Amino acid sequence: MNSVKPKKFLGQHFLTDLSVASRIADTVDACPDIPVLEVGPGMGVLTQFVLKKDREFKVVEIDFESVPYLHEHFPELGDNIIEGDFLQMNLETVFDGRPFVLTGNYPYNISSQIFFKMVENKNLIPCCTGMIQKEVAERMAAAPGGKAYGVLSVLIQAWYDVEYLFTVNENVFNPPPKVKSAVIRLTRNGKDSLGCDEKLFRRIVKTVFTMRRKMMRNGMKQILGKDCPMLADELFSKRPEQLSVQDYIDLTNRVDEELKGRE
């Protein structure tokens, strides 16, 4: 097998620039001495550089063409090629419950889902690196107050420090995507707990950002009820993008206290 055909339904855009692939591989060095899992290796352009790092290394690939290609061209991977859907995997089983670095040239059509799964498994993934759409990278790294700041920003920054490392142009892919890409690195921020009801925290963040152009008050009515006296607070006159992660944590505790007081 000489090559693998990129498949639109899998969101595949194969990186062709070896210098970019080498730079992405080097991002995993921020978390040394633990295994690495690459998502969506395709034809192994990134894989070849991670292999040189002499670390415990596995790849997960859903593409029926890529799996035999990887076996043929990277026999040193042996049984470390996992054929399957990363989003459906039990990550506890990949390295027998040990923490690992997550990396990859992530499929564009599921990149946000990959990062939400990362957050769900944050205690297993102290470091995540790789390439995604530039717009998604900007949203992940965005500070409060800007248009890019949203659900992805808050839910990821609650647990990870986000670094936007560099931008990648469209012409180094086959096929070229219609957007620019970016390489990011996420590193756990040391929090073991947010200090609030985390399920309610996620609910509040997702609810208010469905009405991001309106005041917080509009979204919070769905959780507190339209007649709740708390809604008169000045905080609820702000827009969702104006609140920091800590603001959302503090708000969650206030809402939690209010809702428990009704029981």
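Note that the structure is a prediction, hence the values are computed from the model and not measured.

## Remarks on the nonpolar core
No. 1: Of all hydrophobic cores here, the largest spans 57 residues; its most connected members are Leu102, Phe115, Phe201, Met220, Tyr248 and Leu251.
No. 2: For Met220, the contacting residues outside a window of four places in its chain are Ile204, Val208, Gly225, Leu231, Phe236, Leu251 and Val255.
No. 3: Membership of the second largest hydrophobic core comes to 28 residues, among which are Ala21, Leu46, Val50 and Tyr108.

## Describing the pattern of salt bridges
No. 1: Here the structure, examined in full by the defined rule, presents nine salt bridges.
No. 2: Each of Asp26, Asp29 and Lys53 takes part in a single network of salt bridges with overlapping partners.

## Some thoughts on the pairing of strand 5 (residues 101–104)
No. 1: Neither face of strand 5 is exposed, since Val101 and Thr103 on one face and Leu102 and Gly104 on the opposite face are all buried.
No. 2: In the sheet, strand 5 pairs with strand 6 (residues 127–133) via two bridges, with the strands oriented parallel. Residue pairing in the sheet places Leu102 in a bridge with Cys128 of strand 6.
No. 3: Running through helix 4 (residues 111–120), the crossover from strand 5 to the neighbouring parallel element strand 6 is right-handed.

## Quick word on the side chain of Arg217
No. 1: Note on placement: Arg217 falls in helix 8 (residues 216–224).
No. 2: Among the polar contacts listed, one links the side chain of Arg217 to the backbone oxygen of Asp233, at a separation of 3.4 Å.

## Section: unusual backbone geometry
No. 1: Residue Pro175 is reached from Asn174 by a cis peptide bond, and omega for that bond is -10 degrees.
No. 2: Relative to the assigned elements, Pro175 resides in the loop between strand 8 (173–174) and strand 9 (181–188).
No. 3: Backbone geometry at Asp33 places phi at a positive 70 degrees, although glycine is not the residue there.
No. 4: Take Asp33: it is sitting in the loop between helix 1 (18–26) and strand 2 (36–39).
No. 5: On the basis of relative accessible area, Asp33 is assigned to the exposed category, the value being 75%.
No. 6: Unusually for a residue other than glycine, Asp96 sits at a positive phi of about 55 degrees.
No. 7: Note on placement: Asp96 falls in the loop between strand 4 (81–83) and strand 5.
No. 8: Looking at Asp96, the relative accessible area reads 69%, which means it is exposed.

So, how was this worked out
- Residues numbered from 1 in each chain as written.
- Predicted model: local features only at pLDDT ≥ 70, side-chain atom pairs only at ≥ 80, totals over all residues.
- Heavy atoms only, no water.
- Core = buried A, V, L, I, M, F, W, Y, C linked by side-chain atoms within 4.5 Å.
- Buried < 20%, exposed > 50% of the residue type's maximum accessible area, 1.4 Å probe, protein only.
- Contact = heavy atoms within 4.5 Å.
- Salt bridge = Lys/Arg side-chain N within 4 Å of Asp/Glu carboxyl O.
- Helix = DSSP H or I, 4+ residues; strand = E, 2+ residues; numbered from the N terminus.
- Pairing = 2+ DSSP bridges.
- Right-handed = clockwise from strand over helix to strand, strands pointing away.
- Polar contact = N/O pair within 3.5 Å; in protein donor to acceptor, adjacent residues only side chain to side chain.

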